[in-house]
Amino acid sequence: MKSQYFNHVIEVFYIKTVTMEWYRIFLYTAKLGNLTKAAQALHITQPSVSYAIKQLEETLGVKLFDRLSKGVNLTSEGRALFEYVEQSFALLDAGEKRIQSLRRLTAGELRIGASGPFIRHLLLPALDQFHADYPGVRIRLSQGKTADIGKRLKDGQIELGLVHLPVDDPGLEVKPLLDIQDCFVVGNAYRALSGQPITTGQLAEIPLLLLSSESSTRLFVEQWLHAQGYKVEADIELNSMEMLVELARRGYGTAFVTRSFVQQELDAGQLFELQTVEPIPPRAVGIAMLREHSPSLIAARFMELLTAS
């Protein structure tokens, strides 16, 4: 039974393949108006052209060509068929050219999502290189929190996303990219507190500048504080880490941020890190995509640049 089914599949495939070739021969013959010229253009014999046209006519049940002494002319039915065959092969040719342009990365889209700080500090160096190497690829970049990125991946809006780990979603595959270290930073107004380690109790007395409650960073710092017996509320809650840094610099309190994202301000003496007695554990950043989903050539190439940068 399995053998008969396999033979049937092969037979159907063969018939479709041969029929496709018949239409190609029909197209060349109609354009050139001559069986011999069509055979030369297709690099086959003239009898093969005659056989294919005959088989096509018998299959369709109509006469497609009038045979003349010096060539052939399309019949009324042949002209009707020619219009569709020509469009079909033009569409197939365009499809092949499109695939080649995607393979060479001269067209297509890179659809990626990340939070604002990730875009600025992690994505931009790789994006700059990718854009310079493949200017024909359109970059579609959207900003969002880790939860937003996961939803956009599953909705098909983006193909890659930078997220905080861990991500507990069976529909996503996440590859670790790098570790990051968070810290509390202050401006000159609280500079004196940066001279020696402070307890969590002392930290809780300083106005806290935190990201919004939906963010994974906010959840992380709340869990860290809760593990030490503290449940505190944010004095200032914003969606932008850059704005938190600016307010900390102006003396409004201490901002919980990723150290590498403010390293320049720390080196310049514009911000000061508070050393906590209880160490803040590092976190991991990963690049996420749909599970059991092969990345496009464009996405795969960008991932190579991102992991190498």
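On a predicted model such as this, the values are computed, not experimentally measured, just so you know.

Some remarks on the sheet that holds strand β5 (residues 160–165)
Strand pairing in a sheet relies on backbone hydrogen bonds, with the paired strands running either antiparallel or parallel.
Then step 1. The five strands lie next to each other as β4-β3-β5-β12-β6, forming an open sheet whose pairing is mixed. Bordering the open sheet on either side are β4 (138–143) and β6 (172–180), each of which pairs with just one other strand. Averaged over all neighbouring strand pairs, the angle between strand axes comes to 25°, with direction disregarded.
Then step 2. As paired strands, β6 and strand β12 (residues 283–290) are joined by eight bridges and run antiparallel to one another. Across the sheet, L172 pairs through a bridge with L290, a residue of β12.
Then step 3. The strands that helix α11 (residues 297–308) touches are β3 (109–114), β5, β6 and β12; relative to β3, the one it contacts most, it runs at about 50°.

Here's the deal with the sheet that holds strand β7 (residues 182–186)
Then step 1. Strand order in the open sheet made by the five strands is β9-β8-β10-β7-β11, with mixed pairing throughout. Unpaired on one side and paired on the other, β9 (236–238) and β11 (272–274) mark the two borders of the sheet. Pairwise comparison of adjacent strand axes, ignoring direction, gives a mean angle of 35° for this sheet.
Then step 2. With three bridges joining them, strand β8 (residues 208–211) and β9 adopt parallel strand pairing. Bridge pairing in β9 places L209 opposite I236.
Then step 3. Sheet strands touched by helix α9 (residues 241–249): β7, β8, β9 and β10 (254–258). Its angle to β8, the strand with the most contacts, is close to 170°.

Looking at the environment of V72
Then step 1. Mapped onto the fold, V72 is located in strand β2 (residues 71–74).
Then step 2. Overall, V72 belongs to the buried group, its relative accessible area being 7%.
Then step 3. For the pair V72 and T29, spaced 43 residues apart in sequence, the C-alpha separation works out to 8.0 Å.
Then step 4. Setting aside residues up to four positions removed in sequence, V72 forms contacts with T29, G33, N34, L35, F65, D66 and R67.

Calculation criteria
The residue numbering used here restarts from 1 in each chain and proceeds along that chain's sequence as written. Only residues with pLDDT of at least 70 get local features here, since the model is predicted, and only at 80 or more are side-chain atom pairs given and counted; chain-wide, interface and lining totals rely on the full set of residues. Side-chain numbers come from the whole structure's heavy atoms, not from hydrogens or water. The rule for pairing is simple: two strands pair if DSSP sees at least two bridges between them. Secondary structure elements follow DSSP: runs of H or I no shorter than four residues count as helices, runs of E no shorter than two count as strands, and numbering proceeds from the N terminus. Under this scheme, a helix contributes an axis fitted over its contacting stretch, all axes are lines through C-alpha atoms, and angles between N-to-C directions fall in the 0 to 180 degree range. Here a residue-residue contact requires only that any non-hydrogen atoms of the pair lie within 4.5 Å. Partly exposed residues are those whose accessible area sits between 20% and 50% of the maximum for their type, while under 20% is buried and over 50% is exposed, using a 1.4 Å probe and protein chains only.

Distances and angles like these do not, on their own, reveal function.
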